[in-house]
Amino acid sequence: MAHGAFDDVFAANEEYAQRFRLGGLAAVAARGLALVTCMDSRIEPLDMLGLRPGDAKILRNAGARVTDDTLRTLVLAVYLLGVQRVLVLPHTRCKMASVASDDEVHRAIADTYGVDTRSLEFHTVQDQRATLLHDLERIRHHPLLPADLAVGGAIYDVDTGRVTPVDE
């Protein structure tokens with residue numbers, strides 16, 4: 001492993017470990033929430049929703065998409081980790097919503113870096129609201145998730161910090 005490339009984060013962890021006070025938290029989601037959001041570093045999922053460590057299960061991926069892996073993780077979270085409600089929360093100015101298609105991403109990576117990524121699905125977003133509604137339906141109708149699971153969606157504004165619920 002190229003330790004030098006990570007010296008800064010390992011050093012920061014040493015400082016973090018010195019003041020660490022979260023030992024002993026239960027593995028279950030104390031507030032019964034699973035949050036599906038984007039990997040974007042402008043998003044602070046606990047702070048923006050008034051949550052604390054241990055309150056929720058946080059699932060992050062590019063575009064806050066409900067992929068097969070997200071569904072697999074939600075099944076585990078519901079049955080093993082105390083999740084009773086799921087909030088899907090994409091955000092404004094998301095890179096995944098600024099490209100026209102997966103093909104555009106494949107071409108950009110191939111043209112710039114010479115890497116063929118066509119074996120991957122990037123789940124780009126052409127219409128953020130419609131995509132969010134589609135993803136909510138994927139959760140609501142998954143045969144392994146309870147019919148009474150509370151499922152909601154909202155969009156986080158990275159410029160104002162506001163979360164706006166998306167109603168159907």
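Residues numbered from 1 in each chain as written. Predicted model: local features only at pLDDT ≥ 70, side-chain atom pairs only at ≥ 80, totals over all residues. Heavy atoms only, no water.

Enquirer: Explain the overall build of the protein chain to me, using residue names and the numbers behind them.
Expert: Scanning the protein chain from terminus to terminus reveals five helices and five strands. Helices and strands in the protein chain line up, N terminus first, as α-β-α-β-α-β-α-α-β-β. Across its three principal directions, the C-alpha atoms of the protein chain cover 50 × 50 × 35 Å. Here the protein chain holds 168 residues, and the buried ones make up 36% of them. Residue pairs in contact within the protein chain that sit at least 24 positions apart in sequence constitute 68% of those at least 6 positions apart. Taken as a whole, the protein chain presents about 10,400 Å² of accessible surface, with 54% of it coming from carbon and sulfur. Averaging the positions of the 18 positive and the 24 negative side-chain charges in the protein chain gives two centres separated by 5 Å. (Helix = DSSP H or I, 4+ residues; strand = E, 2+ residues; numbered from the N terminus. Buried < 20%, exposed > 50% of the residue type's maximum accessible area, 1.4 Å probe, protein only. Contact = heavy atoms within 4.5 Å. Areas by Shrake-Rupley, 256 points an atom, 1.4 Å probe, with all protein chains shown as cover. Lys, Arg positive; Asp, Glu negative; His and termini not counted. Charge placed at Lys NZ, Arg CZ, Asp CG, Glu CD.)

Enquirer: Provide a residue-level description of the layout of surface pockets, including the pertinent values.
Expert: Of the volumes computed, that of the largest pocket is approximately 180 Å³. Lining the largest pocket, in full, are Arg31, Leu33, Leu49, Leu51, Arg85, Val86, Leu87, Ala150, Val151 and Gly152. Taken together, the elements giving at least two residues each to the lining of the largest pocket come down to β3 (85-89) and β4 (150-156). (1 Å grid on protein atoms, 1.4 Å probe; cavity = no way out; pocket = protein on both sides within 12 Å on 5 of 7 lines; lining within 4 Å. Points joined across faces, edges and corners; volume = space filled by probe spheres on them.)

Enquirer: Describe unusual backbone geometry, and please don't skip the residues or the numbers.
Expert: Phi is positive for Arg93, which is not a glycine, with a value near 55 degrees. Tracing the chain through its elements places Arg93 in the loop between β3 and α4 (102-113). The class for Arg93 is exposed, based on a relative accessible area of 54%. The residue His123 is not glycine, and still its phi comes out positive at about 55 degrees. Residue position: His123 is located in the loop between α4 and α5 (128-140).

Enquirer: Quick rundown of the side chain of Asp135? Include the residues and the values.
Expert: Within the element layout of this structure, Asp135 appears in helix α5. Side chain to side chain, Asp135 and Arg65 meet in a polar contact 2.7 Å long. Ignoring sequence-local partners within four residues, the contact set of Asp135 consists of Ala64, Arg65 and Val66. (Polar contact = N/O pair within 3.5 Å; in protein donor to acceptor, adjacent residues only side chain to side chain.)

Enquirer: Just give me the short version of the pattern of salt bridges, but keep the residues and values in it.
Expert: Counted under the stated rule, the structure contains eight salt bridges. A salt bridge links Asp40 to Arg42, with the shortest nitrogen-to-oxygen separation between them at 2.6 Å. (Salt bridge = Lys/Arg side-chain N within 4 Å of Asp/Glu carboxyl O.)

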